[in-house]
Amino acid sequence: LQDLQSKLMLISGQSSKSGKNDVEYFVEVLDRAVRLASVFIDLAKAGHDKYLKWKNTFRCQKQGSLRLSSLEVEDKSSDQHEVLQSLEQSVGEMTLSLDGWINTVQQHRSQYYYLNYFTTPQLLLLRRELGKIVSNYRYPVSNQVLSLLGSVDPKCTTEKLKMALSGDSAFCTFKDEDVRFIEEMGFSRHQSLTALRTTAGDMQKAVDLYLDFGTSHASCGFESCTDYGAHQGFSSALEVQSIVNSRATEVSGYLSMDKLGRLLKQLSLHSVQTFCRRFPLDQFKEAEPNLIIVPRNEVLVSVLCLYMTESALPLPTAQEVLVCSSSTSAEEVNLFWRRAIGDPGYRRIFCLVMADNLCYDVSRRSLEEFNALLRSEHLSQQVRFRVVIVCTAEKEDKSYLVDVFDAYRRHAPPRPSALNLQKYLTKKFCQLGDGAASGLSSLSDQCAVSLDHEVRSSVRVVRSHRAGVGKTLFVKMLADRLTTSSKRRLESPFEPHHNEDSMKRHVLIPLHDKQVDVRSVVSRLRSFILLPNQQLSRVVHIDVAPTVSVGLDTFLFNLLVLGQIDDSSGNVWRRLSTDTYVVELTTTKQFQAVQSSSALGGLRPSGGHTQTSTVSFVDCLPTVVCASPTEALASMSRGIIPKVGERNLDHEFHNLDFQRASQYLSRFASGANLDTFVFRVGHVEGDFQSFLRILIENCGVTDPSWAEIQRFTSFLSSQLRDCDRNDFLKPEVVREDLPGFKAFVVKFMIRMSRDFATPSLDVTRSVQRVDANILGQYQLRRRWEHSPHPYMFFNEDRHSVTFIGLKVTRDGRLQDPQTGEILDANLMSERLSQGLYAQGFRLQENYDEWDKGRKIQELCRVMGVDAAFDPDESYELTMDNMKKILAIQMRFRCGIPVVIMGETGCGKTRLIKYMCALQSNLTGARNMILMKVHGGVSQYDILRKVEEAEDLAETNLQNYPEYGIQTVLFFDEANTTDALGLIKEIMCDKRANGRDIRGLGTSLQVIAACNPYRKHTDQMIQRLEKAGLGYRVKADETGDRLGSIPLRELVYRVHALPDSMKALVWDFGQLDPQIEKLYVKQIVSRHVYRHSSLRDSDNLVEVLTDILAAAQAFMRDRDDECSFVSLRDVERAMLVTVWFYNLKGLLGPLLQKKHNQTVEEENGPQALDALTSSVVLGLAICYHARLKNPEEFRSTVSRHFRSPCTLPGGPDQIDSEIRHCQDLFLDELELEPQIARNRALSENVFMMLVCIDLRIPLFLVGKPGSSKSLAKDIVKTAMKGHLSHSELLKSLKQVHMVSFQCSHLSKAEG
């Protein structure tokens, strides 16, 4: 509407007098409507319950009516003034109501101290819910109400609340003020009580009853209340309106502010704290603000120092400490001032923390409130408030409050050591836990704290310096023991359908984002709020990703020390003493560097402060450190009892997979005869120490993590299980015919397990130090194409074995089929080798000679697919691709997450699609969901895709139960989004935002593909920054970085992989030039054979394959952005070639005409035939146009033109053909005479016309004035489909162009 007003103002000068009057009337109505809406929003924000559902309709047309509430009056055509007057009157009345309501709330906050514990949204929620209870005693008390009231009375229950409501005379059915109010309207006291009894205590109905009797009073509305107020001698309409607000609140169903204040006061009597905190008067002063300045990462520690002087007193609460952020509102700070200045007895210390984060407006308004409160309090008493304001040294020069309170600056208290701080917090958390345990003893329910036998603390940090060392398993074991030990649970009698989440013993809260989103955390935790009267001990697991760098300390301080977190909507989560909070952290060197950097916020200390070695708040919490397997083994060798991380795998020692692997490995190491050994389920051998030693020795990793050992063991056990099930390897078979065969199998399985469990990335680099060249952490130490991959699979039919890439010499040596290198000189005995050959095993087979049918047959046999079929005849199934498919399938089978890394366009997506289609088993079921991840993908998008995959997996399982079809969710280019932490949780933890994923690992599998980590050359970076690509922020100022490297300097804009995913990455490899040429030939053949007039051309497929392969090789050898090519470029080149060939009937004569003109002028070579011309123009669109100096390209590809694509003019004829076609397209357009037909315009128009018609993405990059926008406008005008003026343009599609003006503020969502 305001945009319409602006347009009307522009054109009103050209209108008639009546038109100008209409515009003026519209402007005046809109102005009043905007003011009315603004006041209405302010009333709703202020919590005025009368206006929460307020709705008025104003009829503003000339012929109609004006309706205000339930009142309708006729609006004559000439009385526009009445509409404006009514609007103005409504604005005035609502403004008066707003002022009166604000005054009423302020008065009640001053009168009732505990109202200042709650923000306006929280007060509104309490008034609404408590009003329902007052009107209906049986109405259930909501969980959120008890959670809010817990700040006043931590032990508030449903019974205590209802007792307080019923015990206060203010909540009786007949209210004294109601009786007096009706008496003053003309009733006697007896009549007033009779009216209230008749209406069940409803004052409004009692007044209506009075009106029905026909008394002399007119109404109980605004006018009569005004008269009543004037009779009482009120001096202003504002005070009268306060009375109206109070009465309206009584009728609205909301509890009045007065009664809520009295209720809170009554509840506080049962929980008032009698202690008095010692205020160091030698450092600070009472009745004055005390400002201290400390470095950013010492702020929270300094706050703790103020409260730990007397260890017997409890931790500070959220009412004593307010930690500010940029989103802190003025109301929150004002309530802090009210709590501090009005503190009863002045026994507590109040801290305003990081006040320098407040914006200027909030700082100014809060300072005005502070001064106003001091003036009002000094009139009645001598205030002795105790306030400390803690600000950061890094931002003190930019803070308004620091500037104002600089005269009250004090020295910061001495900071104790990290050990003393940790002892203090541990003692406090143990006291909370012991109290909770005693409180639960009567319920026969074990408290989570009692399961921690070491320190019995209600808060623990479980950390490690690397991923995969048992942190999550430690928390899971703690929760499992708690669930097992619980005996009974009490539930609310008011809620028959309780929330299942509230009964969970293990509450999981993952934190993935760079900055902690408190709102989302509170939203998730609210589903776990206990039911009224329910007492339950739980483990609250906060899983912190290493990418979290902003707000973590503050979040944990609010939750664990202050005991409360809330959001801007008033929702609160209070930490219960019966719960145990476990914070999971991986504190790598890189994580610590990020935390330190985020703490400083990119600023440097000022005012003489220097940055010293400090301790973060997390370091002060009770901590347990998980050790690696090597460290655990060393400890046990010294006789030290395992503590935490080591104990986790000890718990898994009796697991079936670990026992099978352990027993086979120990027998293999001792040289025992494995031909007669059969693993017995349930039989446990050995001890944990020897078991751990043999796993470390065989896993193939120098210093493995528990996760790497688990993956090695899982794969080995899976293969050995299949070995035990295989009929061919029964003891009675191998003992006689193939002695030593099972030992060979175990040896070979160990080799395969190492291949699958060993990461391709050098993960030790990120553990040992913060690498200045962070890209070194992502360099592949094992490349797929440079490593041998001999495989042996026990097929699903249980009686056959498949060998892939395995070559064994006659004397039993393992040889690389590609290079001939001896990989194992003693793989098997010569006797066994001869026996296998005698049994028909082809151990020296040339696998590259297998045709596609044989490969598919072997694939289906290993995968358990019944019918061997080719789901995509155009797919080139090489032996290399076959191994990759089998590698993925084996990871699926063993529960190892699949994370592959490879260049874009190297065939990852196509391979996975082929694998899924093959696994569909001729059912035609859709069993793959592809999510193309990019920088704009959010956590919500990923969660929605996971839910879609879950539903699809369930559908496939129900529709095709006999086939066991697995559904695959594929995250392509997963490391391009900053929501990578959520993908890690899905891949590694099998959860989605804390929720277990249905069917993951059985009917649903997940694959993630990552782009490589490479940096542009310095020359490339300079060229890109000069190319007009809008690098608005300087490279040294941008926050989008991979370590110290700006993301825009990377070849792929990728984010850092979590350490858990790094260990899972395996190299997908690159396309071998010969393999790529096979794919090119497949693409060319598909397009040629689809075209009836092309398929008969002799040698055409071979010629086009050579030309396109040469073009790909040339582009890939460039040292600039043109080097990024893939098979998609080949596909596009053939698409364009066929498109031009189909237009030969229209283009041929026009090109011939152009050629004839050139021959006459320059005596050039003869014209190209239609086929060769189409090939040249296809190269022009997909390759030639991208090159700054294309002469060398033309020279290279021209050498591969031969019959039936002859090029008599060589490289120069390629150039002339392209120019002729560009000019031809420009000649077909109707251009204005003043438009210059320059080369840039002709090239831009040519590229746009072709790419738009074929839906090929096109980026035009050029400086201002290079005809980009002009070309767009010309194409928009020309492409009208059959309405175009030329026959050539009529053959093209009709275009509807939608523009979007990009800027540095543009985002993925628009």
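In this text, all values refer to a predicted model and were calculated from it rather than measured experimentally. (Residues numbered from 1 in each chain as written. Predicted model: local features only at pLDDT ≥ 70, side-chain atom pairs only at ≥ 80, totals over all residues. Heavy atoms only, no water.)

**Thoughts on the nonpolar core**
Step number 1: Membership of the largest hydrophobic core comes to 221 residues, with the highest contact counts inside it found for Phe 744, Ile 912, Ile 942, Phe 971, Phe 1140, Tyr 1183 and Phe 1225.
Step number 2: Top contributing element to this core by residue count: helix H28 (residues 741-757), with ten residues.
Step number 3: Dropping the residues within four chain positions of it, Phe 1225 is found in contact with Trp 1139, Phe 1140, Leu 1147, Phe 1246, Leu 1249 and Leu 1288. (Core = buried A, V, L, I, M, F, W, Y, C linked by side-chain atoms within 4.5 Å. Buried < 20%, exposed > 50% of the residue type's maximum accessible area, 1.4 Å probe, protein only. Helix = DSSP H or I, 4+ residues; strand = E, 2+ residues; numbered from the N terminus. Contact = heavy atoms within 4.5 Å.)

**Structural notes on the sheet that holds strand S20 (residues 928-932)**
Step number 1: If you walk across this open sheet you meet the five strands as S20-S21-S24-S19-S27, and the pairing is parallel. Because the sheet does not close on itself, it has two edges, and the strands there are S20 and strand S27 (1065-1067). Ignoring which end each strand starts from, the neighbouring axes of this sheet average 25 degrees apart.
Step number 2: Examined bridge by bridge, strand S19 (residues 898-901) and S27 share three bridges and lie parallel to one another. Along S27, the bridge assignment pairs Val 899 with Val 1065.
Step number 3: In this fold helix H34 (residues 939-959) packs onto S20, strand S21 (967-972) and strand S24 (1004-1010), with an angle of close to 160 degrees to the strand it touches most, S21.
Step number 4: Together, S19, S21 and S24 form the strand contacts of helix H35 (residues 980-989), whose direction differs from that of S24 by roughly 135 degrees. (Pairing = 2+ DSSP bridges. Axes fitted to C-alpha atoms, helices over the stretch in contact; angles between N-to-C directions.)

**With respect to helix H38 (residues 1073-1090)**
Step number 1: Compared with an ideal rise of 1.5 Å per residue, which puts 18 residues at 26 Å, H38 spans 26 Å between its outermost C-alpha atoms and is within 8% of the ideal.
Step number 2: Buried-residue contacts for H38 involve helix H32 (879-894), helix H39 (1100-1116) and helix H40 (1127-1142). (Expected span 1.5 Å × (residues − 1).)

**Some remarks on the pattern of salt bridges**
Step number 1: What the rule picks out here adds up to 65 salt bridges.
Step number 2: The salt bridge partner of Arg 813 is Asp 811, with a shortest N-O separation of 3.3 Å.
Step number 3: Exposure remark for Arg 813: the relative accessible area of 32% places this residue in the partly exposed category.
Step number 4: Here Glu 950 ties to Arg 995 by a salt bridge, and the two come within 3.0 Å at their closest N and O atoms. You can see Glu 950 sitting in helix H34 and its partner Arg 995 sitting in strand S23 (residues 995-996), a full 45 residues away along the chain.
Step number 5: Look at Glu 950 and you get buried, because its relative accessible area is 1%.
Step number 6: Exposure remark for Arg 995: the relative accessible area of 30% places this residue in the partly exposed category. (Salt bridge = Lys/Arg side-chain N within 4 Å of Asp/Glu carboxyl O.)

**Considering the pairing of strand S8 (residues 506-511)**
Step number 1: A large share of S8 lies buried, amounting to five of its six residues.
Step number 2: In the sheet, S8 pairs with strand S9 (residues 539-544) via six bridges, with the strands oriented parallel. Paired with Val 507 across the strands is Val 540, a residue of S9.
Step number 3: With helix H19 (residues 518-526) bridging S8 and the parallel S9, this β-α-β connection has right-handed handedness. (Right-handed = clockwise from strand over helix to strand, strands pointing away.)

**With respect to the packing of H40 against helix H45 (residues 1239-1254)**
A packed helix pair is summarised by two numbers, namely the angle formed by the two axes and the spacing between the axes.
Step number 1: Close contact between H40 and H45 brings their axes to 11 Å; oriented N to C, the two are set at 100 degrees. As judged from the angle between their axes, H40 and H45 are roughly perpendicular. The residues of H45 that touch H40, namely those facing Leu 1135, Val 1136, Trp 1139 and Phe 1140, are Phe 1246, Val 1250, Asp 1253 and Leu 1254.
Step number 2: Split into classes, the residues belonging to the contact of H40 with H45 amount to seven nonpolar, no polar and one charged. (Parallel < 35°, antiparallel > 145°, perpendicular 65-115°, else oblique. Nonpolar A, V, L, I, M, F, W, Y, C, P; charged D, E, K, R; others polar.)

**Topic: the side chain of Glu 876**
Step number 1: Checked against the element boundaries, Glu 876 lands in the loop between helix H31 (852-863) and H32.
Step number 2: Although buried, Glu 876 forms no salt bridge, and the nearest oppositely charged side chain, Lys 855, lies 5.9 Å from it.
Step number 3: Every residue in contact with Glu 876, bar those within four places of it in the chain, is listed here: Asn 881, Leu 1078, Tyr 1079 and Gln 1082. (Lys, Arg positive; Asp, Glu negative; His and termini not counted.)

**Quick word on the pairing of strand S5 (residues 350-353)**
Step number 1: Taking every second residue as pointing to the same face, both faces of S5 are buried, with Phe 350 and Leu 352 on one and Cys 351 and Val 353 on the other.
Step number 2: With three bridges joining them, strand S4 (residues 321-323) and S5 adopt parallel strand pairing. Paired with Leu 322 across the two strands is Leu 352, which belongs to S5.
Step number 3: You can see the chain leave S4, run along helix H14 (residues 330-341) and come back into S5, and the turn it takes is right-handed.

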